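# Summary of the model geometry
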Amino acid sequence: AAARAELTGEGATSDVSGANMAVLAPVLAQRAFVLQQQGARDEAVELNKTVVESRVSDSATIAVASNNLASLSQLLSTSQGSASNDKNKSNNSTSVNMVELAKRMKVTSGEAISRRLTPAQRHAFGLNRALIFLGMGRLDAARLELEKASSISYQEPRA
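Below you will find a few notes about this structure. (Residues numbered from 1 in each chain as written. Predicted model: local features only at pLDDT ≥ 70, side-chain atom pairs only at ≥ 80, totals over all residues. Heavy atoms only, no water.)

Further remarks concern the packing of helix H7 (residues 119-135) against helix H8 (residues 139-150). Remark: H7 packs on H8, axes separated minimally by 8 Å, with the N-to-C direction vectors making an angle of 165 degrees. On the basis of their axis angle, the class for H7 and H8 is roughly antiparallel. Note on packing geometry: the crossing formed by H7 with H8 is left-handed. On H8, the residues touching His123, Gly126, Leu127, Arg129, Ala130, Phe133 and Leu134 of H7 are Leu139, Ala141, Ala142, Glu145, Leu146, Ala149 and Ser150. Broken down by class, the residue content of the contact of H7 with H8 amounts to 9 nonpolar, 3 polar and 2 charged. (Axes fitted to C-alpha atoms, helices over the stretch in contact; angles between N-to-C directions. Helix = DSSP H or I, 4+ residues; strand = E, 2+ residues; numbered from the N terminus. Parallel < 35°, antiparallel > 145°, perpendicular 65-115°, else oblique. Left-handed = near helix turned anticlockwise from the far one by under 90°. Contact = heavy atoms within 4.5 Å. Nonpolar A, V, L, I, M, F, W, Y, C, P; charged D, E, K, R; others polar.)

Remark: helix H5 (residues 98-105) packs on H7, axes separated minimally by 9 Å, with the N-to-C direction vectors making an angle of 150 degrees. Considering their axes alone, H5 and H7 lie roughly antiparallel with respect to each other. In this structure, H5 crosses over H7, and the sense of that crossing is left-handed. Across the interface between the two elements, Met98, Leu101, Ala102 and Met105 of H5 pack against Phe125, Asn128, Arg129, Leu131, Ile132 and Gly135 of H7. Looking at side-chain class alone, the contact of H5 with H7 contains 7 nonpolar, 2 polar and 1 charged residues.

Moving on to H8. Helix length check: H8 (12 residues) gives 16 Å between terminal C-alpha atoms against 16 Å at 1.5 Å per residue, within 8%. Buried residues of H8: Ala141, Ala142, Glu145 and Ala149, and no others. Each buried residue of H8 sits inside an arc of 100 degrees when the element is viewed along its axis, so together they form one side. Every exposed residue of H8 that faces more than 90 degrees away from the buried side is listed here: Asp140, Glu147 and Ser150. Elements in contact with the buried residues of H8: H7. (Expected span 1.5 Å × (residues − 1). Buried < 20%, exposed > 50% of the residue type's maximum accessible area, 1.4 Å probe, protein only. Arc of directions from axis to C-beta.)

Purely geometric stuff here, so don't read any function into it on its own.
Next comes the structure, spelled out in structure tokens:
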């Protein structure tokens, strides 16, 4: 919602249309990544959620936003776990449970999307899926994802 308000301009009351979101989704995903790199993780999570929930037709953008959201969620849960036991931390609106992450990451493992990703992206997505499965206690699935990720050759062209 905040991203939409920001992109429609100050004081604008119109909502971003579906056509505009299709154009803006890749930009929002890139902005979220930059915010993540700058340490603004909560804002990055919200932008990635906006992209994923927009259901734009560009599956690569949704896959990248889903992967980044999974990565951010893991970072946030790790940093919250290592911080002092603050009661408000468990109520953080940016936290995402592992089952939800696994569902969102499903979009990153399809054959059609695999063709559009670089080997480095496929490798990173596989590692994130393995971490999610590990967090869920699904060790066999985590091992399988690690095996798939380790078999990716960086010399090969896109799948």
